[in-house]
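Each chain, written out:
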Amino acid sequence: MNSKLKGVIAGGVVLCCLGATLAFLELTGKPDDSSSSSSADTSIIEEENLYPLTTLEKESISQITFSNENGELHIVRSGNSQQPSWSVQELDGIKQNSTAVSACVNVCSSLSGKELVEENASDLAKYGLAQPSATITISSDSAADNTFLIGDEIPTGGYRYIVQQGSHTVYTVMINNINYFLQSEQYFCGLSLVYTPSDDAWPTIDRLTIKRKDLDYDMVFITLDPDNTPIGFVSSQAMIKPVYAGLDITNSAAVTHGIWGLTASAAVVIHPTDDDFAEYGLSDPQCTVILDCDTEDYTLKIGNEVYAADEEGNETKQVAGYYCYINAAGTDCIYIIPAENCAWATVVPGDIIGGQMASNYIMDLTGITIETADKTYDAKINAVAEDKEQGIEEVFEVTIDGQDVDEDLYKNWYTFWLECPTTETYFEPLTGEETLWCTVTLSRKNGTQQVVKYYQTTGRRIIVEIDGNVGYKIPVSYAETLIKNLENVKNGIAIVETY
């Protein structure tokens, strides 16, 4: 793991720890009028505020400047005194962690020492204060600038040494309070990259395309017209490449809708250059996700893997995340996105498609022809859908090779065909060595056709090609049962559903 990543992850750990401290500061910043406060709570408040170092109204703080080994940052106030807000100047145009920024202001308004270590200290170096870990200057409307130096961590941990510049009185201060000022600018980046729509305002996906270097095909998804959604399709979206298929909504949502609400675990490089993109695998990304929708468009680039570390800090082979870049507003930054939020990097069609390889409503068909090596079955369908408003009753009549057959038996056969097993996807081009085993041609009322071809290969598998696109492998036993069931329908016998 490189040094940049270690620093970023360490900062992320600190932020998690500071959440509880911020809540403590907010809760203890005002006197408690309730008589129900415990004596333990009171003792903690008194102890942590034993040596007040600053007593400022939060709204009066106009700027906080702090420097450390990572450089210098400025937290500046904007807005009026009634509704002030603060932001990191160096992150202009980048989404910011408003919680961390606000915590810095809270801390600086009421900074306190826990213990007095030494008055009139002659040797500040022994506390790490001659070359401090951080320097903090607080500017306010109501007082002169005040600068504090942050030194080493005390031997027992949990606290660091602090001194006011120009003074030689050394105190200890809670690490959780001042660790913000030891961080880099990446620490203050917001990690929520794309907003989450409200339940009733989700954008419509016009087209979602996934391009991957490890696949020789693209995966493309669209939103279906509600009035023309094929029967049996549960999801409002469908895959149209490399094969047309409905989606399993249990597994597909992370792919089709995962851009919205996308969250990173860390920011790595702000305003990256071409060299940065190359370093993190983003100039030629292993995966590119292109989302076109009715409100905005996004392009997410997924670069090199980020590997998890073991208990000793050694890098493992487990992928914990990916370096990513997205063109959303306020995200001109390379981020680490956890692997569980990056389904596009590993998904294959078989993971998310539904149970039907093709779908046509039988009432929309005029006929189905099946041609095998030695026989052709020609089914003619006369179907009229019921329309109560027009007083039209449903009509469904079927003949096979001119012979009337039971319509319910034929519908059962058609359902058996629709439910062809699709658990094994296959997208390799045909080699020409395969043998055409069977062709199914569906004729629609609108004058179009769908052609499904079954090719025999070695072993007990058949390759299925739909409208010229190879998509699946199915068992020979299923294909054989399909033809036997058609014979059963002609003979007035129920179909067999096992194969």
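**What to know about the nonpolar core**
Formed by 115 residues in total, the largest nonpolar core has its most connected members in Phe188, Tyr410 and Trp417. Non-local contacts of Trp417, meaning those with residues more than four positions away in its chain, are made with Ala358, Val440, Leu442, Gln450, Val452, Tyr454, Tyr478 and Leu482.

**A closer look at helix H8 (residues 407-418)**
Given a rise of 1.5 Å per residue, 12 residues ought to cover 16 Å, and the 16 Å separating the end C-alpha atoms of H8 matches this to within 8%. Among the residues of H8, the N-terminal cap falls to Asp406, whose side-chain oxygen and the backbone nitrogen of Asp408 are separated by 2.9 Å.

**Let's talk about the pattern of salt bridges**
Charged atoms that come close allow side chains of opposite charge to pair. Summed over the entire model, instances satisfying the criterion amount to 12 salt bridges. Residue Asp218 is joined to Lys211 by a salt bridge in which the shortest nitrogen-to-oxygen separation is 2.8 Å. In this structure Lys211 comes out as partly exposed when scored by relative accessible area, which is 37%.

**Details of the sheet that holds strand E18 (residues 315-326)**
Within a sheet, adjacent strands bond to each other through the backbone by hydrogen bonds, running parallel or antiparallel. Spatial ordering of the open sheet is given by E14-E13-E12-E11-E16-E17-E18-E19-E15, a layout of 9 strands whose pairing is antiparallel. Every other strand in the sheet has two partners, leaving strand E14 (245-246) and strand E15 (266-270) as the edge strands with one partner each. Bridge analysis of strand E16 (residues 287-293) against strand E17 (residues 297-309) gives 6 bridges, and the strand direction is antiparallel. By the bridge assignment, Thr288 is partnered in E17 with Lys301.

**Considerations on the pairing of E16**
Within a regular beta strand, the side chains point alternately toward one face of the sheet and then the other, so they alternate between its two faces. With 5 of 7 residues buried, E16 lies mostly within the body of the structure. Where strand E11 (residues 205-212) lies against E16, 7 bridges are found, and the strand directions are antiparallel. Directly across from Ile210, in E16, lies its bridge partner Val289. The turn joining E16 and E17, which pair antiparallel and follow one another in sequence, is formed by 3 residues.

**Describing the packing of aromatic side chains**
Summed over all chains, the structure comprises 15 aromatic pairs. Cation over ring: Lys114 sits above Tyr159, and NZ or CZ is 5.6 Å from the ring centre. If you follow Lys411 out to its NZ or CZ, it ends over the ring of Phe396, 4.7 Å from the centre.

**Section: a negative patch on the surface**
On the surface, Glu397, Asp404, Asp406, Glu407 and Asp408 cluster together into a negatively charged patch. By the secondary structure assignment, Glu397 is in strand E22 (residues 395-400).

**As for the state of the cysteines**
According to the stated counting rule, one finds 0 disulfides in the structure shown. Here Cys189 stays free of any disulfide, with the sulfur of Cys333 as its closest cysteine sulfur at 4.7 Å. The buried category is assigned to Cys189, whose relative accessible area is 2%. Looking at Cys324, it has no disulfide partner, and the nearest cysteine sulfur is the one in Cys342, 3.9 Å off.

**Observations regarding the confidence of the model for the protein chain**
Averaged over all residues, the pLDDT of the protein chain is 87; the fraction at 70 or higher stands at 88%. Low confidence marks residues 1-49, where pLDDT is under 50. Its contacts with residues over four positions away, or in another chain, come to 46 contacts.

**Notes on helix H9 (residues 476-490)**
Compared with the 21 Å implied by 1.5 Å per residue over 15 residues, the 22 Å span of H9 between its first and last C-alpha is a close match. Here H9 lies mainly inside the structure; 11 of its 15 residues are buried. Residues of H9 that are buried: Val476, Tyr478, Ala479, Thr481, Leu482, Ile483, Asn485, Leu486, Asn488, Val489 and Lys490. Phi turns positive, to about 75 degrees, at Gly492, one or two residues after H9.

**Thoughts on the environment of Ser122**
Relative to the elements of secondary structure, Ser122 occurs in the loop between strand E6 (116-118) and strand E7 (134-140). Separated by 46 residues in the primary sequence, Ser122 and His168 place their C-alpha atoms 7.3 Å from one another.

Cut-off values and rules
- Residues numbered from 1 in each chain as written.
- Predicted model: local features only at pLDDT ≥ 70, side-chain atom pairs only at ≥ 80, totals over all residues.
- Heavy atoms only, no water.
- Core = buried A, V, L, I, M, F, W, Y, C linked by side-chain atoms within 4.5 Å.
- Buried < 20%, exposed > 50% of the residue type's maximum accessible area, 1.4 Å probe, protein only.
- Contact = heavy atoms within 4.5 Å.
- Helix = DSSP H or I, 4+ residues; strand = E, 2+ residues; numbered from the N terminus.
- Expected span 1.5 Å × (residues − 1).
- Polar contact = N/O pair within 3.5 Å; in protein donor to acceptor, adjacent residues only side chain to side chain.
- Salt bridge = Lys/Arg side-chain N within 4 Å of Asp/Glu carboxyl O.
- Pairing = 2+ DSSP bridges.
- Phe/Tyr/Trp six-rings, centres within 6.5 Å; stacked < 30°, edge-to-face > 60°.
- Lys NZ or Arg CZ within 6 Å of the ring centre and 35° of its normal.
- Patch = residues over 30% accessible without salt bridge, like charges linked within 9 Å, V, L, I, M, F, W, Y side chains within 5 Å.
- Areas by Shrake-Rupley, 256 points an atom, 1.4 Å probe, with all protein chains shown as cover.
- Lys, Arg positive; Asp, Glu negative; His and termini not counted.
- Charge placed at Lys NZ, Arg CZ, Asp CG, Glu CD.
- Disulfide = S-S within 2.5 Å.
- pLDDT = per-residue confidence, 0-100.

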